[in-house]
Amino acid sequence: MRLSDLEALVAAVREGSVTAAGRGLFLTQPAVSARLRRLERDAGEPLLWRTARGVRPTPAGERLAE
């Protein structure tokens with residue numbers, strides 16, 4: 001688990017959007033998505049629910065983001 005991956009999760013949860021998280025971290029949306037996928041792979045479960053309107057944390061995502 002990398003600190004940069006956790007930062008991406010916290011930013012996505014805070015902003016409610018992977019694109020907005022990328023803007024705040026000065027990264028592209030694909031770069032943030034890659035970090036989130038790697039973090040979910042390491043955690044062994046989904047951390048975000050993705051919808052057309054943005055993202056919301058799963059219960060595991062909430063615990064990890066805290």
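Before going into details, it helps to say that this report is about the structure given with it. (Residues numbered from 1 in each chain as written. Predicted model: local features only at pLDDT ≥ 70, side-chain atom pairs only at ≥ 80, totals over all residues. Heavy atoms only, no water.)

1. Focus on the packing of helix H2 (residues 18-25) against helix H3 (residues 29-43)
Then, number 1: In contact at an axis separation of 8 Å, H2 and H3 are set at 105° when each is read in the N-to-C sense. With respect to their mutual orientation, H2 and H3 come out roughly perpendicular. Of the residues in H3, those in contact with Val18, Thr19, Ala21 and Gly22 of H2 are Gln29, Val32, Ser33 and Leu36. (Axes fitted to C-alpha atoms, helices over the stretch in contact; angles between N-to-C directions. Helix = DSSP H or I, 4+ residues; strand = E, 2+ residues; numbered from the N terminus. Parallel < 35°, antiparallel > 145°, perpendicular 65-115°, else oblique. Contact = heavy atoms within 4.5 Å.)

2. Structural notes on the side chain of Thr58
Then, number 1: Checked against the element boundaries, Thr58 lands in the loop between strand S2 (54-57) and helix H4 (59-65).
Then, number 2: Engagement of the side chain of Thr58 in a polar contact is seen with the backbone oxygen of Pro46, the distance being 3.0 Å.
Then, number 3: Those residues within four positions of Thr58 in sequence are excluded, and the remaining contacts are Pro46, Leu47, Leu48 and Trp49. (Polar contact = N/O pair within 3.5 Å; in protein donor to acceptor, adjacent residues only side chain to side chain.)

3. A closer look at the packing of helix H1 (residues 3-15) against H2
Then, number 1: At a minimum axis separation of 8 Å, H1 and H2 run at an interaxial angle of 120°. The angle between H1 and H2 places the two elements in the oblique class. H1 and H2 meet at a crossing whose hand is right-handed. Seen from H1, the contacting residues are Glu7, Ala8, Ala11, Ala12 and Glu15; seen from H2, they are Ala20, Ala21 and Leu25.
Then, number 2: Considered class by class, the residues forming the contact of H1 with H2 number six nonpolar, no polar and two charged. (Left-handed = near helix turned anticlockwise from the far one by under 90°. Nonpolar A, V, L, I, M, F, W, Y, C, P; charged D, E, K, R; others polar.)

4. Observations regarding the nonpolar core
Then, number 1: Formed by 13 residues in total, the largest nonpolar core has its most connected members in Leu9, Ala12, Val32, Leu36 and Leu48.
Then, number 2: At the level of secondary structure, the elements contributing two or more residues to this core comprise H1, H2 and H3.
Then, number 3: The leading source of residues in this core is H1, at four residues.
Then, number 4: The residues touching Leu36, leaving out its near neighbours within four places in the chain, are Ala8, Leu9, Ala12, Val18, Leu48 and Arg50. (Core = buried A, V, L, I, M, F, W, Y, C linked by side-chain atoms within 4.5 Å. Buried < 20%, exposed > 50% of the residue type's maximum accessible area, 1.4 Å probe, protein only.)

5. Digging into the pairing of S2
Then, number 1: Where strand S1 (residues 48-51) meets S2, four bridges bridge the pair, whose relative direction is antiparallel. Within S2, the position partnered with Trp49 by the bridge is Arg56.
Then, number 2: Here S1 folds back onto S2 in antiparallel fashion, the turn holding two residues. (Pairing = 2+ DSSP bridges.)

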